[in-house]
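Letter by letter, the chains look like this.
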Amino acid sequence: DGVFRILFHHQKLAYNQNYLREFLLKAIEDVPRAGFSIVAKNSIEEHYTSEIDDVTTAIGEILALPDVVLDPNFEANYEALTAVKTDKDWHRNFGKATYAYF
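What you are looking at is a predicted structure, and each value in this text was computed from that prediction instead of being measured. (Residues numbered from 1 in each chain as written. Predicted model: local features only at pLDDT ≥ 70, side-chain atom pairs only at ≥ 80, totals over all residues. Heavy atoms only, no water.)

Draft legend 1. Looking closely at a negative patch on the surface. A cluster of like negative charges, contributed by Glu 46, Glu 51, Asp 53 and Asp 54, occupies part of the molecular surface. Structurally, Asp 53 is set in helix H3 (residues 52–63). (Patch = residues over 30% accessible without salt bridge, like charges linked within 9 Å, V, L, I, M, F, W, Y side chains within 5 Å. Areas by Shrake-Rupley, 256 points an atom, 1.4 Å probe, with all protein chains shown as cover. Salt bridge = Lys/Arg side-chain N within 4 Å of Asp/Glu carboxyl O. Lys, Arg positive; Asp, Glu negative; His and termini not counted. Charge placed at Lys NZ, Arg CZ, Asp CG, Glu CD. Helix = DSSP H or I, 4+ residues; strand = E, 2+ residues; numbered from the N terminus.)

Next up, the structure:
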């Protein structure tokens, strides 16, 4: 139904469950969906969205175009990589690689 549920007892939820992250993430990522994976979305937010404003400003100043727009072309790049890559390791670096391009 598209909803991820976590069941726990309110007095027994531990904070040291880091080892479960990989199992849960794999289970979530294996669900077919349209669009970006959760790992790729996180990579975009962490490595691209949070840092691209400074780069856009710098490029705008260099080109004397204050309204310059950088198009990361995320959708087309993600689709192309998904079509040729069998592993999903690249999802972790998707945002960082796009940021490094600029």
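Draft legend 2. Up close: a nonpolar patch on the surface. There is a patch of nonpolar side chains on the surface, built from Tyr 19, Leu 20, Phe 23 and Leu 24 and spanning about 420 Å² of accessible area. Inspection of the secondary structure assignment puts Leu 24 in helix H1 (residues 20–29). Exposure remark for Leu 24: the relative accessible area of 38% places this residue in the partly exposed category. (Buried < 20%, exposed > 50% of the residue type's maximum accessible area, 1.4 Å probe, protein only.)

Draft legend 3. The arrangement of the packing of aromatic side chains in detail. In the structure shown here, the tally under the stated rule is 10 aromatic pairs. Consider the rings of Tyr 78 and Trp 90, whose centres lie 5.4 Å apart with planes at 55 degrees: the pair is tilted. Placement of Tyr 78 in helix H4 (residues 74–84) and of Trp 90 in the loop between H4 and helix H5 (94–101) is noted, with a sequence separation of 12 residues between them. Across this residue pair, the class does not change: Tyr 78 and Trp 90 are buried. Between Trp 90 and Phe 94, the aromatic rings sit 5.8 Å apart at their centres with planes inclined by 70 degrees, giving edge-to-face as the arrangement. By the burial criterion, Trp 90 is buried, and Phe 94 matches it. (Phe/Tyr/Trp six-rings, centres within 6.5 Å; stacked < 30°, edge-to-face > 60°.)

Draft legend 4. Broad picture of the packing of helix H2 (residues 38–49) against H5. At their nearest, the axes of H2 and H5 sit 6 Å apart, and the two run at 40 degrees to each other. By the criterion of interaxial angle, the relationship of H2 to H5 is oblique. Taken together, the residues of H5 that come into contact with H2 (itself represented by Ala 40, Ser 43, Ile 44, His 47 and Tyr 48) are Phe 94, Gly 95, Lys 96, Thr 98 and Tyr 99. When the residues that make up the contact of H2 with H5 are grouped by side-chain class, the tally is five nonpolar, four polar and one charged. (Axes fitted to C-alpha atoms, helices over the stretch in contact; angles between N-to-C directions. Parallel < 35°, antiparallel > 145°, perpendicular 65-115°, else oblique. Contact = heavy atoms within 4.5 Å. Nonpolar A, V, L, I, M, F, W, Y, C, P; charged D, E, K, R; others polar.)

Draft legend 5. Layout of the environment of Asp 67. Secondary-structure assignment places Asp 67 in the loop between H3 and H4. Classification of Asp 67 by relative accessible area gives exposed; the value is 70%. Through-space distance from the C-alpha of Asp 67 to that of Thr 56 is 9.0 Å; in sequence the pair is 11 residues apart.

Draft legend 6. Representation of H3 in the model. End to end, H3 covers 16 Å across 12 residues, agreeing with the expected 16 Å (1.5 Å per residue, within 8%). Residues of H3 that are buried: Ile 52, Val 55 and Gly 60. Looking down the long axis of H3, one finds its buried residues gathered within 135 degrees of arc, a one-sided arrangement. Facing away from the buried side of H3, by more than 90 degrees, are the exposed residues Asp 53, Asp 54, Glu 61 and Ile 62. On its buried face, H3 sits against H2 and H5. (Expected span 1.5 Å × (residues − 1). Arc of directions from axis to C-beta.)

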